[in-house]
Amino acid sequence: MSLFAVVYTYSDDTAGRDEHRPAHRAFLGGLADEGTVVASGPLLGDGQSRALILLEQDSAEAARELLREDPFAQQGLIESVDVREWDVVIGSIA
């Protein structure tokens, strides 16, 4: 398995995100419980609505396929998904 850094850029539909946030967090929380999601949370400080998700998958395409099941994705609340393999060399998850 490889580690991937995923950046979600959310749509401007804050009401939709508010409505579907519990299902979105339950989805990611379930993946965290099974060890697929290493960490997840919003990126702060730049005025954009974005989040960073670190997850373990076999490939970038497998990561994208899995994240298509996210309720936010299914509701059209994500404008873009940037998936990058991350070679961690220092730190507690290296």
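That block above? That's the structure.
These lines cover the structure that appears in this document, whether it is placed above or below. Remember, it's a predicted structure, so these values are computed and weren't measured experimentally.

1. Observations regarding the nonpolar core
Then comes step 1: Of all hydrophobic cores here, the largest spans 18 residues; its most connected members are Val6, Tyr8, Leu28, Ile53, Leu55 and Leu67.
Then comes step 2: Put simply, the parts of the chain that give this core at least two residues each are strand E1 (2–10), helix H1 (14–33), strand E3 (50–57), helix H2 (60–67) and strand E4 (78–85).
Then comes step 3: Here Val6 is in contact with Ala51, Leu52, Ile53, Leu55, Leu67, Val81, Asp82 and Val83, once residues within four sequence places are set aside.

2. Describing the pairing of strand E2 (residues 37–43)
Then comes step 1: Where E2 meets E3, 6 bridges bridge the pair, whose relative direction is antiparallel. Along E3, the bridge assignment pairs Ser40 with Ile53.

3. Observations regarding the packing of aromatic side chains
When we look at a pair of aromatic rings, we describe it by the centre distance and by the angle of the planes.
Then comes step 1: Taken as a whole, this structure holds 2 aromatic pairs when the rule is applied.
Then comes step 2: With 5.9 Å between their ring centres and 75° between their planes, Tyr8 and Tyr10 make a pair best called edge-to-face. Across the pair, Tyr10 and Tyr8 agree in class, each one buried.
Then comes step 3: Under the relative-accessibility criterion, Tyr10 is labelled buried at 12%.
Then comes step 4: Ring pairing ties together the aromatic residues Tyr8, Tyr10 and Phe72, which thus form one cluster.

4. Examining the sheet that holds E3
Then comes step 1: Strand order in the open sheet made by the 4 strands is E2-E3-E1-E4, with antiparallel pairing throughout. Each edge of the open sheet is held by one strand with a lone partner, namely E2 and E4. Across this sheet, the average inter-strand angle for adjacent strands is 20°, counted without regard to direction.
Then comes step 2: Pairing between E1 and E4: 7 bridges, direction antiparallel. Its bridge partner lying in E4, Tyr8 is registered against Val81.
Then comes step 3: Running over the sheet, H2 touches E1, E3 and E4 and is turned about 120° from E3.

5. Regarding the environment of Ser40
Then comes step 1: Among the structural elements, Ser40 can be located in strand E2.
Then comes step 2: C-alpha of Ser40 to C-alpha of Val6: the two residues are 34 residues apart in sequence and 9.2 Å apart in space.
Then comes step 3: Apart from the residues lying within four places of it in its own chain, the contact partners of Ser40 are Leu28, Leu52 and Ile53.

Quick notes on the rules
Residues numbered from 1 in each chain as written. Predicted model: local features only at pLDDT ≥ 70, side-chain atom pairs only at ≥ 80, totals over all residues. Heavy atoms only, no water. Core = buried A, V, L, I, M, F, W, Y, C linked by side-chain atoms within 4.5 Å. Buried < 20%, exposed > 50% of the residue type's maximum accessible area, 1.4 Å probe, protein only. Helix = DSSP H or I, 4+ residues; strand = E, 2+ residues; numbered from the N terminus. Contact = heavy atoms within 4.5 Å. Pairing = 2+ DSSP bridges. Phe/Tyr/Trp six-rings, centres within 6.5 Å; stacked < 30°, edge-to-face > 60°. Axes fitted to C-alpha atoms, helices over the stretch in contact; angles between N-to-C directions.

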